[in-house]
Amino acid sequence: MARRTGLPKFTVPSLTPQQGAEVAGVLQERLNSLNDLALTLKHIHWNVVGPHFIAVHQMLDPQVEGVRVMIDQTAERIATLGVAPVGTPGALVAAREWDDYSVGRAEALDHLGALDLVYQGVISAHRQAAKDTEESDAVTNDLLIGHLHELELFHWFVRAHLESAGGQLSTQSATTEKEAAGKKRTP
Ligand SMILES: [Fe+2]
(Lines give C-alpha, C1' and ligand atoms only; values in the text may rest on other atoms or scores of the structure.)
Protein backbone atom coordinates (compact mmCIF):
# COMPACT_ATOMS: atom_id res chain seq x y z
CA MET A 1 0.00 0.00 0.00
CA ALA A 2 1.80 3.08 -1.22
CA ARG A 3 1.85 6.08 1.12
CA ARG A 4 0.19 4.25 4.02
CA THR A 5 2.19 4.78 7.17
CA GLY A 6 1.20 3.57 10.60
CA LEU A 7 -2.26 2.88 11.95
CA PRO A 8 -5.24 5.18 11.55
CA LYS A 9 -5.89 7.58 14.47
CA PHE A 10 -9.52 6.46 14.46
CA THR A 11 -11.62 3.92 12.67
CA VAL A 12 -15.27 2.81 12.75
CA PRO A 13 -16.63 1.72 16.14
CA SER A 14 -15.95 -1.90 17.14
CA LEU A 15 -12.98 -2.34 14.79
CA THR A 16 -9.45 -2.01 16.13
CA PRO A 17 -7.15 0.46 14.31
CA GLN A 18 -5.28 -2.60 13.00
CA GLN A 19 -8.49 -4.09 11.57
CA GLY A 20 -9.45 -0.70 10.12
CA ALA A 21 -6.07 -0.49 8.38
CA GLU A 22 -6.37 -4.02 7.01
CA VAL A 23 -9.87 -3.50 5.63
CA ALA A 24 -8.79 -0.15 4.12
CA GLY A 25 -5.85 -1.95 2.48
CA VAL A 26 -8.21 -4.43 0.85
CA LEU A 27 -10.39 -1.53 -0.35
CA GLN A 28 -7.42 0.43 -1.72
CA GLU A 29 -6.70 -2.45 -4.10
CA ARG A 30 -10.34 -2.50 -5.16
CA LEU A 31 -10.19 1.28 -5.67
CA ASN A 32 -7.20 0.85 -7.99
CA SER A 33 -8.94 -1.93 -9.88
CA LEU A 34 -12.19 0.03 -10.33
CA ASN A 35 -10.39 3.22 -11.40
CA ASP A 36 -8.50 1.15 -13.98
CA LEU A 37 -11.76 -0.47 -15.15
CA ALA A 38 -13.55 2.89 -15.59
CA LEU A 39 -10.68 4.21 -17.73
CA THR A 40 -10.51 0.98 -19.74
CA LEU A 41 -14.26 1.06 -20.44
CA LYS A 42 -13.95 4.62 -21.79
CA HIS A 43 -10.93 3.58 -23.88
CA ILE A 44 -13.06 0.86 -25.49
CA HIS A 45 -16.01 3.28 -25.89
CA TRP A 46 -13.69 5.50 -27.96
CA ASN A 47 -11.84 2.80 -29.92
CA VAL A 48 -14.54 0.35 -30.93
CA VAL A 49 -15.18 0.31 -34.72
CA GLY A 50 -17.08 -1.77 -37.25
CA PRO A 51 -20.69 -2.86 -37.81
CA HIS A 52 -21.53 -3.24 -34.11
CA PHE A 53 -20.00 0.10 -33.16
CA ILE A 54 -23.08 1.86 -31.87
CA ALA A 55 -24.37 -1.05 -29.73
CA VAL A 56 -21.06 -1.45 -27.88
CA HIS A 57 -20.30 2.29 -27.78
CA GLN A 58 -23.66 2.97 -26.14
CA MET A 59 -23.63 -0.09 -23.88
CA LEU A 60 -20.42 1.04 -22.20
CA ASP A 61 -21.35 4.49 -20.89
CA PRO A 62 -23.85 3.23 -18.28
CA GLN A 63 -21.15 0.76 -17.18
CA VAL A 64 -18.68 3.64 -16.77
CA GLU A 65 -21.28 5.57 -14.72
CA GLY A 66 -21.96 2.54 -12.52
CA VAL A 67 -18.26 1.88 -11.92
CA ARG A 68 -17.63 5.57 -11.10
CA VAL A 69 -20.27 5.37 -8.37
CA MET A 70 -18.51 2.27 -6.99
CA ILE A 71 -15.18 4.14 -7.05
CA ASP A 72 -16.60 6.99 -4.97
CA GLN A 73 -18.20 4.59 -2.48
CA THR A 74 -14.95 2.63 -2.13
CA ALA A 75 -12.78 5.72 -1.58
CA GLU A 76 -15.24 7.16 0.95
CA ARG A 77 -15.36 3.87 2.85
CA ILE A 78 -11.54 3.97 3.10
CA ALA A 79 -11.77 7.52 4.52
CA THR A 80 -14.54 6.42 6.90
CA LEU A 81 -12.18 3.73 8.17
CA GLY A 82 -9.70 6.50 9.07
CA VAL A 83 -7.29 5.96 6.18
CA ALA A 84 -6.49 8.33 3.27
CA PRO A 85 -7.66 6.87 -0.05
CA VAL A 86 -5.05 7.14 -2.81
CA GLY A 87 -6.64 8.14 -6.11
CA THR A 88 -3.73 9.43 -8.20
CA PRO A 89 -2.85 7.73 -11.52
CA GLY A 90 0.86 7.32 -10.72
CA ALA A 91 0.10 5.50 -7.47
CA LEU A 92 -2.40 3.27 -9.29
CA VAL A 93 0.12 2.25 -11.93
CA ALA A 94 2.85 1.68 -9.32
CA ALA A 95 0.59 -0.53 -7.19
CA ARG A 96 -1.27 -2.56 -9.80
CA GLU A 97 -0.28 -6.13 -10.58
CA TRP A 98 -1.89 -6.35 -13.99
CA ASP A 99 -0.87 -4.97 -17.40
CA ASP A 100 -2.50 -2.09 -19.23
CA TYR A 101 -5.42 -3.04 -21.49
CA SER A 102 -3.72 -4.16 -24.68
CA VAL A 103 -6.20 -3.58 -27.54
CA GLY A 104 -6.35 -0.29 -29.47
CA ARG A 105 -8.74 0.51 -32.34
CA ALA A 106 -10.54 -2.75 -33.06
CA GLU A 107 -13.91 -4.28 -33.91
CA ALA A 108 -16.63 -4.79 -31.34
CA LEU A 109 -16.16 -8.53 -30.83
CA ASP A 110 -12.40 -8.10 -30.43
CA HIS A 111 -12.90 -5.57 -27.64
CA LEU A 112 -15.68 -7.60 -26.02
CA GLY A 113 -13.47 -10.72 -25.99
CA ALA A 114 -10.71 -8.76 -24.27
CA LEU A 115 -13.20 -7.04 -21.92
CA ASP A 116 -14.54 -10.46 -20.90
CA LEU A 117 -11.07 -11.23 -19.49
CA VAL A 118 -10.88 -7.82 -17.79
CA TYR A 119 -14.20 -8.42 -16.02
CA GLN A 120 -13.11 -11.94 -15.04
CA GLY A 121 -10.07 -10.45 -13.29
CA VAL A 122 -11.92 -7.59 -11.58
CA ILE A 123 -14.80 -9.77 -10.39
CA SER A 124 -12.56 -12.58 -9.08
CA ALA A 125 -10.55 -10.06 -7.06
CA HIS A 126 -13.72 -8.32 -5.83
CA ARG A 127 -15.16 -11.67 -4.69
CA GLN A 128 -11.91 -12.44 -2.86
CA ALA A 129 -12.02 -9.01 -1.18
CA ALA A 130 -15.63 -9.66 -0.12
CA LYS A 131 -14.52 -12.98 1.39
CA ASP A 132 -11.55 -11.34 3.13
CA THR A 133 -13.78 -8.77 4.86
CA GLU A 134 -16.68 -11.08 5.71
CA GLU A 135 -15.54 -11.63 9.30
CA SER A 136 -13.84 -8.34 10.06
CA ASP A 137 -16.23 -5.75 8.61
CA ALA A 138 -19.76 -6.63 7.52
CA VAL A 139 -20.37 -3.10 6.19
CA THR A 140 -17.42 -3.25 3.78
CA ASN A 141 -18.43 -6.79 2.85
CA ASP A 142 -21.94 -5.53 2.06
CA LEU A 143 -20.52 -2.69 -0.06
CA LEU A 144 -18.43 -5.14 -2.11
CA ILE A 145 -21.32 -7.57 -2.52
CA GLY A 146 -23.42 -4.65 -3.80
CA HIS A 147 -20.74 -3.87 -6.38
CA LEU A 148 -20.65 -7.51 -7.45
CA HIS A 149 -24.38 -7.50 -8.25
CA GLU A 150 -23.71 -4.80 -10.83
CA LEU A 151 -20.27 -5.93 -12.04
CA GLU A 152 -21.52 -9.44 -12.74
CA LEU A 153 -24.52 -8.03 -14.61
CA PHE A 154 -22.19 -5.86 -16.74
CA HIS A 155 -20.02 -8.92 -17.36
CA TRP A 156 -23.06 -10.84 -18.60
CA PHE A 157 -23.90 -7.99 -21.04
CA VAL A 158 -20.40 -8.44 -22.48
CA ARG A 159 -20.47 -12.23 -22.53
CA ALA A 160 -23.90 -12.39 -24.19
CA HIS A 161 -22.24 -10.95 -27.32
CA LEU A 162 -19.68 -13.78 -27.32
CA GLU A 163 -22.11 -16.60 -26.69
CA SER A 164 -23.48 -19.02 -29.26
CA ALA A 165 -27.05 -20.38 -29.10
CA GLY A 166 -25.51 -23.54 -27.65
CA GLY A 167 -24.06 -21.55 -24.75
CA GLN A 168 -20.41 -21.75 -25.87
CA LEU A 169 -18.22 -18.69 -25.34
CA SER A 170 -15.96 -17.86 -28.28
CA THR A 171 -13.26 -16.78 -25.79
CA GLN A 172 -13.50 -19.91 -23.62
CA SER A 173 -9.83 -20.91 -23.71
CA ALA A 174 -8.27 -17.46 -24.16
CA THR A 175 -5.82 -16.37 -21.48
CA THR A 176 -4.72 -13.01 -22.84
CA GLU A 177 -6.71 -10.02 -24.10
CA LYS A 178 -5.08 -10.23 -27.53
CA GLU A 179 -5.86 -13.95 -27.77
CA ALA A 180 -9.47 -13.32 -26.72
CA ALA A 181 -9.71 -10.50 -29.25
CA GLY A 182 -8.66 -12.84 -32.05
CA LYS A 183 -11.50 -15.31 -31.44
CA LYS A 184 -14.66 -14.54 -33.33
CA ARG A 185 -17.96 -16.15 -32.53
CA THR A 186 -18.91 -18.88 -34.97
CA PRO A 187 -22.64 -19.31 -35.54
FE1 LIG B 1 -18.85 9.30 -25.34
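Residues numbered from 1 in each chain as written. Predicted model: local features only at pLDDT ≥ 70, side-chain atom pairs only at ≥ 80, totals over all residues. Heavy atoms only, no water.

**A short note on the overall build of the chain**
Let me state the cut-off plainly: We count a stretch as a helix when DSSP gives it H or I for four or more residues in a row; a strand needs E for two or more, and each element gets its number in order from the N terminus. Taken over C-alpha atoms, the radius of gyration is set against a globule rule of 2.2 Å times the number of residues to the power 0.38. We call two residues in contact when some of their heavy atoms are within 4.5 Å. Calculation of accessible area relied on Shrake-Rupley with a 1.4 Å probe; when residues are assessed, cover is drawn exclusively from the protein chains displayed. When charges are counted, neither His nor the chain ends are considered; positive counts come from Lys and Arg and negative counts from Asp and Glu. Each charge is placed at NZ for Lys, CZ for Arg, CG for Asp and CD for Glu.
A count of helical and extended segments in the chain gives six helices and two strands. Tracing the chain from N to C terminus, the helices and strands come up as α-β-α-α-β-α-α-α. In terms of C-alpha radius of gyration, the chain reaches 18 Å, essentially the compact-globule figure of 16 Å for 187 residues. C-alpha atoms of the chain, sized along the principal axes, occupy 60 × 35 × 25 Å. In the chain, 74% of the contacts between residues at least 6 apart in sequence involve partners at least 24 apart. Total accessible area computed for the chain in this model is approximately 9,900 Å², and 54% of it derives from carbon and sulfur atoms. Separation between the mean location of the 16 positive side-chain charges and that of the 23 negative ones in the chain comes to 4 Å.

**Re the environment of Thr133**
Inclusion rule: Throughout, exposure labels follow a simple rule: accessible area from a 1.4 Å probe, protein chains only, divided by the maximum for the residue type, with under 20% read as buried, over 50% as exposed, and the rest as partly exposed. We define a polar contact as two N or O atoms separated by no more than 3.5 Å, with the added condition that, inside protein, one atom must be a possible hydrogen donor and the other a possible acceptor, whereas residues neighbouring each other in sequence contribute only through side-chain atom pairs.
Structurally, Thr133 can be placed in the loop between α4 (108–132) and α5 (138–160). When its relative accessible area of 0% is taken as the criterion, Thr133 is described as buried. Sequence spacing of Thr133 and Leu37 is 96 residues, and the spatial spacing of their C-alpha atoms is 22 Å. A distance of 3.2 Å separates the side chain of Thr133 from the backbone oxygen of Ala130, its partner in a polar contact.

**Section: the environment of Asp61**
Relative to the elements of secondary structure, Asp61 occurs in helix α2 (residues 53–80). Between the C-alpha atom of Asp61 and that of Asp100, which follows or precedes it by 39 residues, the distance is 20 Å. Here Asp61 is in contact with Lys42 and His45, once residues within four sequence places are set aside. Only 2.7 Å separates the side chain of Asp61 from the side chain of Lys42, close enough to count as a polar contact.

**Here's the deal with the packing of helix α1 (residues 17–47) against α5**
Note the following rule: To obtain each axis, a line is fitted to C-alpha atoms, and for helices this fit is confined to the stretch in contact; angles are then taken between N-to-C directions over 0 to 180 degrees. In these notes the angle categories are as follows: under 35 degrees is roughly parallel, over 145 is roughly antiparallel, 65 to 115 is roughly perpendicular, and the rest is oblique. In this scheme, a crossing is called left-handed if the near helix is turned counterclockwise away from the far one by less than a right angle; it is called right-handed if the turn is clockwise. Think of it as three bins: nonpolar holds Ala, Val, Leu, Ile, Met, Phe, Trp, Tyr, Cys and Pro, charged holds Asp, Glu, Lys and Arg, and polar takes everything else, Gly as well.
Contact geometry of α1 with α5 gives a least axis separation of 12 Å together with a crossing angle of 20°. With respect to α5, the element α1 is oriented roughly parallel. For the element pair α1 and α5, the recorded crossing hand is left-handed. Of the residues in α5, those in contact with Val23, Leu27, Arg30, Leu34 and Leu37 of α1 are Thr140, Leu144, His147 and Leu151. Its residues placed into classes, the contact of α1 with α5 shows six nonpolar, two polar and one charged.

**Observations regarding the packing of aromatic side chains**
Rule in force here: Centres within 6.5 Å are what make two rings of Phe, Tyr or Trp a pair, Trp counting through its six-membered ring; a difference in plane orientation under 30 degrees is then read as stacked, over 60 as edge-to-face, and the rest as tilted.
This structure, assessed with the given rule, holds one aromatic pair. Measuring from ring centre to ring centre gives 5.6 Å for Trp156 and Phe157, while their planes differ by 50°; the resulting arrangement is tilted. Take Phe157: its relative accessible area is 30%, and that puts it in the partly exposed class.

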